[in-house]
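Architecture at a glance
Listed below, chain by chain, are the residues.
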Amino acid sequence: MPILGPDDGRCEQFRGGATYRTLVGDDEGSTPLRAGIQTSPPGYDTGVHAHPYLEIVTVLAGEGEAWIDGEGEPKPIGAGDTMVFPPEVRHRFRATGDADLVTYGVHASPERIVRRDG
């Protein structure tokens, strides 16, 4: 079993300036899940979206706020907080501090699928 560092894996750029580094998983779907580190600059917003599977996101550094459909107003998040997004439930999070919001996410799927409103 490999040991992976934070700079290992393929890095992709998201619109708005965030990056996502896939640590576990590949385009061939050779693993039963996807895991990676997202680095979101101050002000970055994921936008409202959902996944057809469970997603778990833990904040490693920085500050932000998260919203989950049906849970009321956005709630503040920071290092050590974990968000659990059930399948097909709309959610979003955004970086609110002066530093990057760094999160570690696990997608319970061999491929990362994002469904956006509209």
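Scroll up for the structure.
The following refers to the structure shown. (Residues numbered from 1 in each chain as written. Predicted model: local features only at pLDDT ≥ 70, side-chain atom pairs only at ≥ 80, totals over all residues. Heavy atoms only, no water.)

**Comments concerning the sheet that holds strand β2 (residues 19–24)**
Convention followed: Strands qualify as paired when DSSP identifies two bridges or more between them. Segments assigned H or I by DSSP are reported as helices when at least four residues long, segments assigned E as strands when at least two residues long, and all are numbered from the N terminus. In this analysis, axes come from line fits to C-alpha atoms, helices being fitted only over the stretch in contact, and the angle between any two N-to-C directions falls in the range 0 to 180 degrees.
In spatial order, the strands read β1-β2-β3-β10-β5-β8; together these six strands make up an open sheet with antiparallel pairing. Each edge of the sheet is formed by a strand with only one pairing partner; in this case those strands are β1 (10–13) and β8 (82–85). Sheet twist, expressed as the mean angle between neighbouring strand axes with direction ignored, is 20°. In this sheet, β8 lies alongside strand β5 (residues 55–61) in antiparallel orientation, the contact comprising four bridges. When the sheet's bridge partners are listed, V57 is paired in β8 with M83.

**What to know about the pairing of strand β10 (residues 101–107)**
Applied cut-off: Burial classes follow relative accessibility: with a 1.4 Å probe on protein chains only, a residue under 20% of its type's maximum area counts as buried, one over 50% as exposed, and anything between as partly exposed.
Of all the seven residues making up β10, five are buried; the element is thus mostly covered by neighbouring parts of the structure. Bridging between strand β3 (residues 34–40) and β10 involves seven bridges; their strand directions are antiparallel. Residue S40 lies in a different strand from β10, and its bridge partner there is L101. Sheet topology note: the β5/β10 ladder contains six bridges and is antiparallel. Among the inter-strand pairings, V59 is bridged to a residue of β10, identified as T103.

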